[in-house]
Amino acid sequence: MRDWADKIAAGDIRALARAASVIENRGPETSTLLRELAPQAGRAVVVGVTGPPGAGKSTLVDALARLIRRQAKTLGIIAVDPTSNISGGAILGDRIRMQAHHNDPGVFIRSMATRGYVGGLARATADLALLLASSGKDFVIIETIGVGQDEVEVANVADVTVLVLVPGMGDDVQAIKAGIMEIADIFVINKADHPGAERVEQEIEGVLSLGHRPDGWMPPIVHTVATEEKGIDALLDAIEKYAALRRDAGVTNSTGAKYQLQNAESDLAAGGFTIDHLGIAVKSIERALGFYEGQLGMQVSLREAVPLEKVNVAMLPAGGPRIELLEPAEADSVIARFLAKRGEGLHHVALRVPDLDAVTGRLCAAGARLLNAPQTGAGGHRYVFIHPASTGGVLLELIEAKPTKFSDPMDEAR
Ligand code: ZN
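Below: a short report on this structure. Note that residues are indexed from 1 along each chain, following the sequence as it is written. Owing to the predicted nature of the model, reporting of local features is limited to residues with pLDDT of at least 70; listing and counting of side-chain atom pairs is limited to 80 or more, with chain, interface and lining totals taken over all residues. Each side-chain value is worked out from all heavy atoms of the structure, with water and hydrogens disregarded.

### Focus on the overall build of the chain
When helices and strands are tallied, the chain shows 17 helices and 15 strands. Partly exposed residues are those whose accessible area sits between 20% and 50% of the maximum for their type, while under 20% is buried and over 50% is exposed, using a 1.4 Å probe and protein chains only. Buried residues in the chain amount to 51% of all 414 residues. By the convention used here, residues are in contact when the closest approach between their heavy atoms is within 4.5 Å. Pairs at least 24 apart in sequence give 71% of the contacts found in the chain among residues at least 6 apart. Surface exposure of the chain reaches about 18600 Å², of which carbon and sulfur atoms provide 55%. To qualify as a helix, a DSSP run of H or I must reach at least 4 residues; to qualify as a strand, a run of E must reach at least 2; elements of each kind are numbered from the N terminus. The Shrake-Rupley method, run with a 1.4 Å probe sphere, supplies the accessible areas, and residue values consider only the shown protein chains as cover.

### Let's talk about the coordination of the zinc ion
Ligating atoms shown are N, O and S within 2.8 Å of the metal, or 3.2 Å for Na, K and Ca, and water is not included, meaning a site may look less than complete. Looking at the zinc ion, the protein donor atoms are H277 (NE2), E324 (OE), H348 (NE2) and E397 (OE), and they sit 2.1 to 2.4 Å from it. In the primary structure, the donors to the zinc ion are separated according to the pattern H-x46-E-x23-H-x48-E. Taken as a pair, H277 in strand β8 (residues 274–281) and E397 in strand β15 (residues 396–400) lie far apart in primary sequence, 120 residues in all. Each member of the pair, H277 as well as E397, carries the same accessibility label: buried.

### Description of the packing of helix α2 (residues 13–24) against helix α6 (residues 121–133)
Where α2 meets α6, the axes come as close as 10 Å, and the angle between the chain directions of the two elements is 160 degrees. Taken together, α2 and α6 sit at an angle that is classed as roughly antiparallel. Viewed along their axes, α2 and α6 form a crossing whose handedness is right-handed. Here L16, A19, A20, I23 and E24 of α2 lie close against α6, whose contacting residues are D127, L128, L131 and L132. When its residues are assigned to classes, the contact of α2 with α6 shows seven nonpolar, no polar and two charged. For helices, the axis comes from a line fit to the C-alpha atoms of the stretch in contact; other axes are also lines fit to C-alpha atoms, and the angle between any two N-to-C directions lies between 0 and 180 degrees. For classification purposes, an angle smaller than 35 degrees is called roughly parallel, one larger than 145 roughly antiparallel, one from 65 to 115 roughly perpendicular, and anything else oblique. In a left-handed crossing the near helix is turned counterclockwise from the far helix by less than a right angle, and in a right-handed crossing that turn is clockwise. Each residue gets one of three labels, nonpolar for Ala, Val, Leu, Ile, Met, Phe, Trp, Tyr, Cys and Pro, charged for Asp, Glu, Lys and Arg, and polar for the others, Gly among them.

### Focus on the pairing of strand β14 (residues 382–386)
Counting buried residues along β14, five of its five residues qualify, which places the element largely inside the surrounding structure. Residues R382, V384 and I386 line one face of β14 and the alternating positions Y383 and F385 line the opposite face, and both faces are buried. Paired strands are those between which DSSP finds at least two bridges. In terms of strand pairing, strand β13 (residues 375–376) meets β14 through two bridges, oriented antiparallel. Along β14, the bridge assignment pairs Q375 with Y383. Here β14 pairs with β15 via four bridges, running antiparallel. Paired with Y383 across the strands is I399, a residue of β15.

### Points about the environment of T376
Examined against the element boundaries, T376 turns out to sit in strand β13. What T376 contacts, discounting residues up to four positions off in sequence, is H381, R382 and Y383.

### Considering the nonpolar core
Here, nonpolar core means buried Ala, Val, Leu, Ile, Met, Phe, Trp, Tyr and Cys residues that are tied together by side-chain atoms lying within 4.5 Å of each other. Counting 46 residues, the largest nonpolar core has V162, I186, F187, L235 and I239 as its most contacted members. Aside from chain neighbours lying at most four places away, what touches L235 is L60, L64, V162, I186, V188 and V222. A5, L16, L37 and A129 belong to the second-largest nonpolar core, a separate cluster that totals 33 residues.

### Observations regarding helix α13 (residues 285–295)
Taken together, the buried positions of α13 are I285, A288, L289 and Y292. Down the axis of α13, the buried side of the element spans an arc of 100 degrees, and every buried residue falls inside it. Turned more than 90 degrees away from the buried face of α13 sit E286, R287, G294 and Q295, all of them exposed. Where α13 is buried, its residues touch β8, β9 (302–306), β10 (311–317) and β11 (322–328). In this description, the arc belongs to the directions extending from the helix axis to the C-beta atoms.

### Structural notes on the side chain of K137
With respect to the element layout, K137 can be found in the loop between α6 and β4 (139–143). Buried charge K137 goes without a salt bridge, the closest partner of opposite sign being D138 at 8.6 Å. The residues touching K137, leaving out its near neighbours within four places in the chain, are L16, R43, A44, T74, L75, G76, G106, F108 and L132. Only four residue types enter the charge count, namely Lys and Arg as positive and Asp and Glu as negative; His and the chain termini do not. Any carboxyl oxygen of Asp or Glu that lies within 4 Å of a side-chain nitrogen of Lys or Arg is treated as forming a salt bridge with it.

So, in structure tokens, the structure goes:
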């Protein structure tokens, strides 16, 4: 059985799709997987395509994808979809686009909702970009919906940022947030056959004349008609030129490097300990979701049945950690006994720890009451439960942040 990360690097589409789901749901394997993938993410050019709604970004990205494929290169597309949510619309968006590139293993497409991600949209996008970049793709294209703060953050993930504008915007160019104008490496005037293209160009030149960039790059202005695939080769040319400039300046591997830096910093700050989730025992997940989803407005990212523990689980992302709703699947389960004795309420707190064996060894030596030896749970992560008598009255679950071996959970199930 090969390592999961190796499979992804080799371009295994199923391993890649499963990893994308894990990353979107921020499963406990996420950080380890990303850490393993980061060193191999450097080759891909990560392109951010942003601009106001109605600029024809999707059509432009599709045209770019076709050109890249004609050159026998591969790509991943991450589309941030305004109308979708994680469980529903994003999949529809995927299907529509999949038809255009159907049965082409050289294109991997993933749609993302604009909200509901643990740690925020920019973080989730960065992690997905890292995943696709490490899967041997030549290009990763991130397409955003608008030009707000989210887009600026998302664009920061990219090596090359393309800002798409259209004729008829005129003075509106000035109104586009200064931040996004400043981070644009390439300007595209799409629908350039429409009247007013020169006007937009003048507006852009006006903005560009205000200053010089430290890297010496003069952002080009490319005219395209995406619906007719016009100007796409000039755009790809500009993308490759700027990517080459960055490479020559030693600014490569931005996605992986940024990730490693971020994590080194956060690991240092927390000593490697993070809260993974809070487990809440409920009689009925449906009824509890009436509050968490219906009234509070949170969103479920994952639902599963765990037959081994006779429990049904619903995970709700909560800005890093998650809330885990636990419902007994059978009357003789641990959760059913907990409910009979204590009623609904906080069942356990789960902490991610850097080295489970080291921590449990330390705890055993100090006389803490472990409820089990480290064992492997759903998703392949290792965990231990500590009795409330040792922890100040709360059942504590310790999850290993860094499994020793990365296996593909689907292979284990087979
Ligand atoms: Zn738990």
